[in-house]
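# Summary of the model geometry
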Amino acid sequence: MDPIRNPYVPGAGRRPSALVGRDPVIRDWAISLQRAEAGRTDQPMILYGLRGVGKTVLLTRLRKDAAARDWLTVHVEAGSRRSLREMTGEGLYGPLSDLARPSAGSQLLRALKTALSFKASYDSTGTWSFGLDLSGASGGAANSGVLLTDLTKVVHDVAMAAGESGAGLAVLIDEAQDLTADELTTLAAIMQSVATDDVPALFALAGLPSLPQTLAEAKSYSERFRYHPIEKLGRSEAEAALVEPASGEGVRWTGDALSHVVAAAGTYPYFLQQFGQESWNVADGTTIEVNDARLGVALGQNHLDNGFFRARWDRTTGAEKSYLRAMCPEGDRSVATGEVAARLGRSVGSLGPARATLIHKGLIYAPDHGIVAFTVPGMAAFIDRQVP
């Protein structure tokens, strides 16, 4: 079939043609936006799950929904070698520049001046210009060097400026587990304070399954945040993710073809998009048959092995590869660190550095004390396919 019309879009953060199975989160966010506009700010939203389940896609949808209500939005990705201070500051510049005008109200002028001081807190050589004379405006003082003080100040002033027009500030952070311990502690304190004081600012964080535990360790009251586990789709949802986009292009799936792709993908959204795209490309006419699906899965698996999985595997050292191989007999299930050590003929303590580095690299996580699991579904099967 025509590859130009192919409705499937595998890739990090790419919105599928049919975003299914996420309605509760989208609805919860929509309610929070409206509550904040009415002066009742909700606790932050925390999205967590394995890689490939669509957390980034969902976070992007939340940003767009906030922007559609004229909210200022800051959407950043942690782990990009930039500090939370710098990411937030640079993320604020564009939205504030769009609002800067000679008729700006006092709250906006205050926010602009505070943003300028915040910029100076991490970049003394850089300058921003909003094209306005801010010499007589109140604000500023977001350059003390103390992250909690400065970030609280800029979030508060920008949110109040957005509140002048009945909107607010939405801050969305992807890969939040990659923030430093100090940044997470600061962020938790700020998120709690804006909710307590009903400042029109909403936060949404997305990260790996370890994120709730990491936040709880940062601040005990983080346990009261709103946590949404983002998991693989149910069978009917997985089928809809394949059928609905094809139907929109006048194409149908046979029952056997659909079952084959859903089973091969394990109902994980990313894999559904990859296998769906390849099945479409090899099919003729207006029906995707089971043989198309079989070939599509084979081609899609090859793409995943050479990209999605390979990129992670190649970032590991020999010792780390050995650790990962020792986890594989359980497949995607979790395994005790003691069992891994026994398989390698080592002590648990001696494997601590390899385990810690693998967690830092985001390949595994610790769902409980003394337990490890892969963050990437299907990683064990990929490793089993590699020549030792």
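Here goes a summary of the coordinates provided. A quick note: this is a predicted structure, and the numbers were derived from the prediction, not measured.

## Some words on the overall build of the protein chain
- Per the secondary structure count, the protein chain includes 15 helices and 10 strands.
- Taking 21 Å as the expected radius of gyration for a compact globule of 388 residues, we find that the protein chain reaches 23 Å, a close match to that expectation.
- Along the longest, intermediate and shortest principal axes, the C-alpha atoms of the protein chain span 70 × 60 × 40 Å.
- Evaluated residue by residue, the protein chain yields a buried proportion of 50% over its 388 residues.
- Expressed as a percentage of contacts within the protein chain between residues at least 6 apart in sequence, the contacts between residues at least 24 apart total 74%.
- A total of about 16,800 Å² of accessible surface is found on the protein chain, and carbon and sulfur atoms cover 49% of it.
- Once the 39 positive and 43 negative side-chain charges of the protein chain are each reduced to a mean point, those two points are 2 Å apart.

## Things to note about the packing of aromatic side chains
- Taken as a whole, this structure holds 12 aromatic pairs when the rule is applied.
- Relative to F271, the ring of Y268 has its centre 6.0 Å away and its plane inclined at 65°; by these criteria the two rings are edge-to-face.
- What makes Y268 buried here is its relative accessible area of 13%.
- Using a relative accessible area of 7% as the deciding quantity, one classes F271 as buried.
- Summarising the aromatic geometry, the rings of Y270 and F308 are spaced 4.8 Å apart at their centres and angled 25° between planes, so their arrangement reads as stacked. Pair noted here: Y270 is in helix 10 (residues 269-282) and F308 is in helix 11 (residues 290-313), with a separation of 38 residues, a long-range link. Each member of the pair, Y270 as well as F308, is classed as buried.
- In textbook terms, an aromatic cluster arises when at least three aromatic residues are bridged by ring pairs, as seen for Y268, Y270, F271, F308, F309, W313 and F382.
- Lying over the aromatic face of F308, R312 brings its terminal NZ or CZ to 4.6 Å of the ring centre.

## Focus: the packing of helix 5 (residues 147-163) against helix 6 (residues 181-196)
- Contact geometry for helix 5 and helix 6: axes closest at 10 Å, N-to-C directions at 40°. Here helix 5 is positioned oblique relative to helix 6, judged by the angle of their axes. Once helix 5 is placed against helix 6, the crossing between them reads as right-handed. Within the contact between the two elements, helix 5 uses L147, L148, L151, T152 and V155 and helix 6 uses E183, T186, A189, I190 and V194.

## Remarks on helix 8 (residues 235-247)
- For helix 8, which comprises 13 residues, the first-to-last C-alpha distance of 18 Å matches the rise-based estimate of 18 Å (1.5 Å per residue) to within 8%.
- Burial in helix 8 covers these residues: A238, A240, A241, L242, P245 and A246.
- In this structure, the buried residues of helix 8 make contact with strand 6 (252-253), helix 9 (255-265) and helix 10.

## A look at the sheet that holds strand 4 (residues 201-207)
- Spatially, five strands are ordered 2-3-4-1-5 in an open sheet, and the strand pairing comes out parallel. Two strands bound the open sheet, and with one partner strand each, they are strand 2 (72-77) and strand 5 (226-229). Strand-to-strand, the axes of this sheet are offset by a mean angle of 15°, without reference to chain direction.
- Examined bridge by bridge, strand 2 and strand 3 (residues 169-174) share six bridges and lie parallel to one another. Counterpart to L72 in the pairing with strand 3 is L169.
- The strands touched by helix 2 (residues 55-68) are strand 1 (45-48), strand 2, strand 3 and strand 4; relative to strand 3, the strand with the most contacts, the crossing angle is about 170°.

## A word on the pairing of strand 5
- Residues of strand 5 alternate between two faces, with R226 and H228 buried on one and Y227 and P229 left unburied on the opposite face.
- Examined bridge by bridge, strand 1 and strand 5 share four bridges and lie parallel to one another. Residue pairing across strands places Y48 opposite P229, the latter belonging to strand 5.

## Overview of unusual backbone geometry
- For A141, which is not a glycine, the phi torsion comes out positive at approximately 65°.
- Here A141 lies in the loop between helix 4 (106-122) and helix 5.
- Using a relative accessible area of 56% as the deciding quantity, one classes A141 as exposed.
- Positive phi outside glycine occurs at T267, with the angle close to 65°.
- Within the secondary structure layout, T267 lies in the loop between helix 9 and helix 10.

## Comments concerning the packing of helix 3 (residues 84-99) against helix 5
- For the pair helix 3 and helix 5, interaxial distance at closest approach is 11 Å and the crossing angle is 15°. As far as their axial angle goes, helix 5 and helix 3 are roughly parallel. Considering only the axes of helix 3 and helix 5, their crossing is left-handed. Between helix 3, through L84, R85, T88, L92 and L96, and helix 5, the contact on the second element is made entirely by L147, D150, L151, V154 and V158.
- Within the contact of helix 3 with helix 5, the residues separate by chemical class into seven nonpolar, one polar and two charged.

Criteria and thresholds
- Residues numbered from 1 in each chain as written.
- Predicted model: local features only at pLDDT ≥ 70, side-chain atom pairs only at ≥ 80, totals over all residues.
- Heavy atoms only, no water.
- Helix = DSSP H or I, 4+ residues; strand = E, 2+ residues; numbered from the N terminus.
- Rg over C-alpha atoms; globule rule 2.2 N^0.38 Å.
- Buried < 20%, exposed > 50% of the residue type's maximum accessible area, 1.4 Å probe, protein only.
- Contact = heavy atoms within 4.5 Å.
- Areas by Shrake-Rupley, 256 points an atom, 1.4 Å probe, with all protein chains shown as cover.
- Lys, Arg positive; Asp, Glu negative; His and termini not counted.
- Charge placed at Lys NZ, Arg CZ, Asp CG, Glu CD.
- Phe/Tyr/Trp six-rings, centres within 6.5 Å; stacked < 30°, edge-to-face > 60°.
- Lys NZ or Arg CZ within 6 Å of the ring centre and 35° of its normal.
- Axes fitted to C-alpha atoms, helices over the stretch in contact; angles between N-to-C directions.
- Parallel < 35°, antiparallel > 145°, perpendicular 65-115°, else oblique.
- Left-handed = near helix turned anticlockwise from the far one by under 90°.
- Expected span 1.5 Å × (residues − 1).
- Pairing = 2+ DSSP bridges.
- Nonpolar A, V, L, I, M, F, W, Y, C, P; charged D, E, K, R; others polar.

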